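An overview of the molecular structure
One letter stands for each residue in the lines below.
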Amino acid sequence: MKIVLHPTYFPNIAHFVAMVNAEEVILEMEDNFLKQTYRNRTYIYGANGKLGLNIPVIHSQKNRQKYKDVKIYNQDNWQSLHWKSILSAYRTSPFFEYYEDELQPLFMKNAGFILDHNLHCLETICDCLQLELNFFKTDTFEKTLKDKTDYRQLVNAKKEPNYNFEKYTQVFSAKHGFIPNLSILDLLFNEGPNALNYLESQTLKTK
């Protein structure tokens, strides 16, 4: 199965379930940037529950701006804030120290364009998962796809289906219960080498 989806900031579980079960993953490179999507946000499990991490971007005055042309606003020191939030959320998780050295460099230097940064994050996570995927990139935008499964709707952060994902142990689950479909970081830090087995066993069926 060939699928098309958007590169997002530390993709959530649904994105990775789609990718690991595909024969070919095609990344959408030619779409317009839209607000309130996973293009520049991800959710982790903090001490007070679900916590959003948003990358600030520089919006063009134009009505439409290509995703690949959107620059990151680096004056807010957002990378330091995101890393501190991740440390606070996961430093006591079983596998945080196992992956810390691979992930920390992503938060140590300024990134230029949001799409390039997301691709770098995706590549790093695949290395952590020891996941080899056949990635391809679009060179034109097609509203309707032929011979491919369209998973581009997974980028929408406001209209998320209620996926029937199996529970796994989360750091603060005793306090707030299980929170599904968080960033891949949550699964990685809690399940470690078993994360890939988990992803391969899930489907995008909804409740």
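So, here's what we can say about the structure.

Rules and cut-offs
Residues numbered from 1 in each chain as written. Predicted model: local features only at pLDDT ≥ 70, side-chain atom pairs only at ≥ 80, totals over all residues. Heavy atoms only, no water. Helix = DSSP H or I, 4+ residues; strand = E, 2+ residues; numbered from the N terminus. Rg over C-alpha atoms; globule rule 2.2 N^0.38 Å. Buried < 20%, exposed > 50% of the residue type's maximum accessible area, 1.4 Å probe, protein only. Areas by Shrake-Rupley, 256 points an atom, 1.4 Å probe, with all protein chains shown as cover. Lys, Arg positive; Asp, Glu negative; His and termini not counted. Charge placed at Lys NZ, Arg CZ, Asp CG, Glu CD. Pairing = 2+ DSSP bridges. Contact = heavy atoms within 4.5 Å. Axes fitted to C-alpha atoms, helices over the stretch in contact; angles between N-to-C directions. Parallel < 35°, antiparallel > 145°, perpendicular 65-115°, else oblique. Left-handed = near helix turned anticlockwise from the far one by under 90°. Nonpolar A, V, L, I, M, F, W, Y, C, P; charged D, E, K, R; others polar. Expected span 1.5 Å × (residues − 1). Arc of directions from axis to C-beta. Patch = residues over 30% accessible without salt bridge, like charges linked within 9 Å, V, L, I, M, F, W, Y side chains within 5 Å. Salt bridge = Lys/Arg side-chain N within 4 Å of Asp/Glu carboxyl O. Core = buried A, V, L, I, M, F, W, Y, C linked by side-chain atoms within 4.5 Å.

**So, the overall build of the protein chain**
- On a plain count of helices and strands, the protein chain comes out with seven helices and eight strands.
- Relative to the compact-globule value of 17 Å for 207 residues, the protein chain shows a C-alpha radius of gyration of 16 Å, a close match.
- Considering only C-alpha atoms, the protein chain reaches an extent of 45 × 40 × 30 Å along its principal axes.
- Within the protein chain, buried positions represent 51% of all 207 residues.
- On the protein chain, roughly 11,000 Å² of surface is accessible, and the fraction owed to carbon and sulfur atoms is 45%.
- Within the protein chain, one finds 24 positive and 24 negative side-chain charges whose respective centroids are separated by 10 Å.

**Concerning the sheet that holds strand β8 (residues 149-150)**
- Taking strand neighbours across the sheet as the criterion, the four strands line up as β7-β2-β1-β8 in an open arrangement whose pairing is parallel. Lying at the two open borders of the sheet, with one neighbouring strand each, are β7 (135-137) and β8.
- Examined bridge by bridge, strand β1 (residues 2-5) and strand β2 (residues 24-27) share four bridges and lie parallel to one another. Within β2, the residue paired with valine 4 across the bridge is isoleucine 26.
- Packing of helix α1 (residues 13-20) onto the sheet brings it into contact with β1, β2 and β7, and relative to β1 it is tilted by some 155°.

**Some remarks on the packing of helix α4 (residues 114-129) against helix α6 (residues 184-191)**
- Across the interface, α4 lies against α6 with an axial gap of 12 Å and an inter-helix angle of 25°. Put simply, α4 runs roughly parallel to α6. Where α4 crosses over α6, the two elements pack in a sense that is left-handed. Across the interface between the two elements, Ile125, Cys128 and Leu129 from α4 touch Ile184, Leu185 and Leu188 from α6.
- In the contact of α4 with α6, the residues fall into six nonpolar, no polar and no charged.

**A few points about the side chain of aspartate 186**
- Along the chain, the position of aspartate 186 falls in helix α6.
- Sequence-distant contacts of aspartate 186, defined by excluding residues within four places in its chain, comprise Tyr45, Tyr90, Tyr168 and Gln170.

**Concerning helix α2 (residues 78-90)**
- In a regular helix each residue adds 1.5 Å, so 13 residues correspond to 18 Å; α2 covers 18 Å between its end C-alpha atoms and thus fits that length.
- Those residues of α2 lying buried are Trp78, Gln79, His82, Trp83, Ile86, Ala89 and Tyr90. All buried residues of α2 lie within an arc of 130° about the axis, which places them on one face of the element.

**What about a negative patch on the surface?**
- Taken together, the side chains of Asp101, Glu102, Glu123 and Asp127 present a region of like negative charge at the surface.
- Among the elements of the structure, α3 (96-103) and α4 are those that each provide at least two residues to the negative patch.
- Following the sequence through the fold, glutamate 102 ends up in helix α3.
- We classify glutamate 102 as partly exposed; its relative accessible area is 38%.

**Remarks on α1**
- Most of α1 sits inside the fold, with eight of its eight residues counted as buried.
- Among the residues of α1, those classed as buried are Ile13, Ala14, His15, Phe16, Val17, Ala18, Met19 and Val20.
- Close packing links the buried residues of α1 with β1, β2, α4, β7, α6 and α7 (195-201).

**Here's the deal with the nonpolar core**
- Of all hydrophobic cores here, the largest spans 66 residues; its most connected members are Phe16, Ile86, Leu103 and Leu199.
- Top contributing element to this core by residue count: α4, with nine residues.
- Apart from residues no more than four positions distant in its own chain, isoleucine 86 is found in contact with Ile44, Leu53, Arg91, Phe96, Phe107, Leu185 and Phe189.

**Overview of unusual backbone geometry**
- Backbone geometry at phenylalanine 10 places phi at a positive 40°, although glycine is not the residue there.
- With respect to the helices and strands, the residue phenylalanine 10 is situated in the loop between β1 and α1.
- Residue class for phenylalanine 10 comes out buried when judged on its relative accessible area of 1%.
- Look at aspartate 147: it is not a glycine, yet its phi comes out positive at around 65°.
- Tracing the backbone shows aspartate 147 in the loop between β7 and β8.

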